[in-house]
Amino acid sequence: MCTSLLYLDAQNRAYLGRTLELSLELPYQVAFFPRNQILTSTVANQAPLNWSMRYATLAVTMPETPPAPNEPLTAQNSKIVEGVNEAGLTFSVQAYSQTKGTQPALDPKQAALSAADLGTYVLGRFGSVEEVKQGLEQLPIVLESVAILGGLAMPFHYAVHDATGKSLVIEFHQGVRTIYDNPVGVMTNAPQFSWHLTNLNNYTFLSNVDHSHARFMNYEAVQAGAGIAKAGLPASDTSVDRFVRAAYYAQFSEKQTDPDKAVQMIAHIMNNFDRPRGLCIDPPEQGSSHLQFVGHESEAIPTEFTTWTSLTDLERRLLFLRDSGGMNYVRLDLMSLVEQTDFCVLPMAQLMPSMPDSTAQFVRSLS
């Protein structure tokens, strides 16, 4: 589940695309965190960590705990899954099944950050990848159990990108935290990020050049059409294969000069990672396991599908979203919101557009 990649246009402006795959629909919220919003991260047996949002942030969020009926969602209870701040820094949460392990012992008097609050902390406090690396270097981050995941310890890793095109990955492998520079701007899921980079060494033969002619003895072979350059790409939807394909698309997709065309390009790229329901199913006796969410029943035979896709224009601070119910994106402009002083949250489903019917316009053109 989950593929993210960074695309750079002809002027090296950065655009982020990511999909989120699960085996069920969840009530994702779109939230605006204003500057100076006060937040607190509380870890069991540790001093609380308080901070103020230095940067306004627009994000896709989920509640930390299943809310009670009619209970309002708050900034404190809203945990960022995908977001961008006014400095052009982005933060992405993606599943990582290998986090479980012994964590370093901490002094109880020392303030610590729960990994559930990593998104609001990073986007609220930092404006660049370098600032993130420096700011997290000495900060304890604890993988607490997540109530909405039935008490499972935070099974995620995290991608950060900034407006200059720099990227990093924050990964907890068997309890041990590592922060990697990410030279390809791509992330999927397990195994470790360093393994994915090593695996790319097996694909040095890839290029976007079609070799459509070859000679075998006295026979001249000719392809029937274009597209043979992609023959070496791995085909499955495993995290390993998606990582290689994402690196290929980010590298070879045409570099646009116009920002709006670049957004269209990253949208086309992410279509290659859009997964329909039923494409892969996981019968209990032979399939893969899936995240289970309290209060949300899974199907007897799960099928992972793309529940939503996001595109982020890091320079213009634009966030584009679409869910599994349609193919059209909505556009949200963070810089039009930065002077707002109140936290705001709205269900993603309420923002999604219905498919327009242009029949009447077409008929008028005939008269």
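Residues numbered from 1 in each chain as written. Predicted model: local features only at pLDDT ≥ 70, side-chain atom pairs only at ≥ 80, totals over all residues. Heavy atoms only, no water.

The protein chain goes by Linear amide C-N hydrolase in an unreviewed UniProt entry, where it is assigned to Candidatus Paenalcaligenes intestinipullorum.

With that out of the way, let us pick up the overall build of the protein chain. Assigned secondary structure in the protein chain consists of seven helices and 22 strands. Against the 2.2 N^0.38 benchmark of 21 Å for 367 residues, the protein chain shows a C-alpha radius of gyration of 22 Å, consistent with a compact globule. Within the protein chain, the proportion of its 367 residues that are buried is 50%. If you take every contact in the protein chain between residues at least 6 apart in sequence, the share linking residues at least 24 apart comes to 68%. Summing over all exposed atoms, the protein chain offers an accessible surface of approximately 17600 Å²; the carbon and sulfur share of this is 53%. (Helix = DSSP H or I, 4+ residues; strand = E, 2+ residues; numbered from the N terminus. Rg over C-alpha atoms; globule rule 2.2 N^0.38 Å. Buried < 20%, exposed > 50% of the residue type's maximum accessible area, 1.4 Å probe, protein only. Contact = heavy atoms within 4.5 Å. Areas by Shrake-Rupley, 256 points an atom, 1.4 Å probe, with all protein chains shown as cover.)

Between side chains of opposite charge, a pair can form when the charged atoms approach closely. Scanning the entire structure with this criterion turns up 16 salt bridges. Of the charged contacts, one joins K79 and E64 as a salt bridge, the two residues approaching to 3.8 Å between their closest N and O atoms. Placement of the pair is K79 in strand β7 (residues 78–85) and E64 in the loop between β6 (57–63) and β7, with a sequence separation of 15 residues. For E64, a relative accessible area of 32% corresponds to the partly exposed category. The partner of E130 in a salt bridge is K133, with the nearest N and O atoms 3.7 Å apart. One end of the pair, E130, and the other, K133, are both in helix α2 (residues 129–136), three residues apart, so they sit about a helical turn from each other. (Salt bridge = Lys/Arg side-chain N within 4 Å of Asp/Glu carboxyl O.)

Okay, the nonpolar core next. Within soluble globular proteins, side chains that are nonpolar tend to cluster in buried spots. Residues L136, Y158 and L321 are the most contacted members of the largest nonpolar core, which totals 63 residues. Residues contacting L136, with those up to four places away along its chain left out, are L118, Y121, V122, F126, I141, I170, R177 and I179. Core analysis: the next-biggest nonpolar cluster, separate from the first, contains 32 residues, M187, A262, L311 and L318 among them. (Core = buried A, V, L, I, M, F, W, Y, C linked by side-chain atoms within 4.5 Å.)

Moving on, we get to the sheet that holds strand β1 (residues 3–8). On the basis of which strands lie adjacent, the open sheet formed by six strands has the order β16-β1-β2-β19-β20-β21 and antiparallel pairing. Taken across any chain shown, the strands that pair with only one partner, and hence form the sheet edges, are β16 (186–187) and β21 (330–333). Here four bridges tie strand β20 (residues 318–323) to β21, and the two strands are oriented antiparallel to one another. Residue pairing in the sheet places F320 in a bridge with R331 of β21. (Pairing = 2+ DSSP bridges.)

Read across the open sheet, the eight strands follow the order β15-β14-β13-β8-β7-β6-β3-β22; overall the sheet is antiparallel. Of all strands in the sheet, those with a lone pairing partner are β15 (176–181) and β22 (344–347), marking the two edges. Direction aside, the axes of adjacent strands within the sheet are offset by 25° on average. Across seven bridges, the pairing between β6 and β7 is antiparallel. Note on β7: the bridge partner recorded for L58 is V84. Sheet contacts for α2: β13 (156–161), β14 (167–173) and β15; angle to β14, the most-contacted strand, approximately 30°. (Axes fitted to C-alpha atoms, helices over the stretch in contact; angles between N-to-C directions.)

Right, let's get into the side chain of T99. Along the chain, the position of T99 falls in the loop between β8 (90–95) and β9 (113–114). Polar side-chain contacts of T99 include one of 3.0 Å to the backbone oxygen of M154. In this view, T99 contacts L143, A153, M154, P155, F156, F172, H173, Q174 and G175; residues no more than four positions away in its chain are not counted. (Polar contact = N/O pair within 3.5 Å; in protein donor to acceptor, adjacent residues only side chain to side chain.)

This part covers the side chain of H157. Mapping H157 onto the fold places it in strand β13. Judged by its relative accessible area of 1%, H157 falls in the buried class. Polar side-chain contacts of H157 include one of 3.0 Å to the backbone oxygen of T188. Apart from the residues within four sequence positions on either side, H157 is in contact with S92, V93, Q94, A95, Y96, I170, E171, M187, T188 and N189.

Turning our eyes to something else, we now look at the packing of helix α3 (residues 193–200) against helix α4 (residues 239–252). Contact pair α3 / α4: the axes reach a minimum separation of 10 Å and the direction vectors enclose 60°. With respect to α4, the axis of α3 lies oblique. Of the two possible hands of crossing, α3 and α4 adopt the one that is right-handed. Contact residues: α3 offers F193, W195, H196, L197, N199 and L200, while α4 offers S239, V240, F243, V244 and A247. Residues belonging to the contact of α3 with α4 are distributed by class as follows: eight nonpolar, three polar and no charged. (Parallel < 35°, antiparallel > 145°, perpendicular 65-115°, else oblique. Left-handed = near helix turned anticlockwise from the far one by under 90°. Nonpolar A, V, L, I, M, F, W, Y, C, P; charged D, E, K, R; others polar.)

Moving on to the packing of aromatic side chains. Aromatic ring pairs are defined here through the distance separating the ring centres and the angle between the ring planes. Under the counting rule described, the total for this entry stands at 13 aromatic pairs. Seen from their ring centres, W51 and Y121 are 5.1 Å apart, and the 80° between their planes marks the pair as edge-to-face. Taken together, the positions of W51 in strand β5 (residues 49–52) and Y121 in helix α1 (residues 118–125) put the pair 70 residues apart, joining distant regions of the chain. Owing to a relative accessible area of 11%, Y121 belongs among the buried residues under this scheme. Seen in terms of ring centroids, Y248 and Y249 are 5.9 Å apart; in terms of plane orientation they differ by 90°. Their pairing is edge-to-face. (Phe/Tyr/Trp six-rings, centres within 6.5 Å; stacked < 30°, edge-to-face > 60°.)

The subject of this paragraph is the pairing of strand β18 (residues 219–222). In terms of strand pairing, strand β17 (residues 213–216) meets β18 through four bridges, oriented antiparallel. Paired with A214 across the strands is A221, a residue of β18. Hairpin connection of β17 to β18: two residues between the antiparallel strands, including M217 at a positive phi of 55°.

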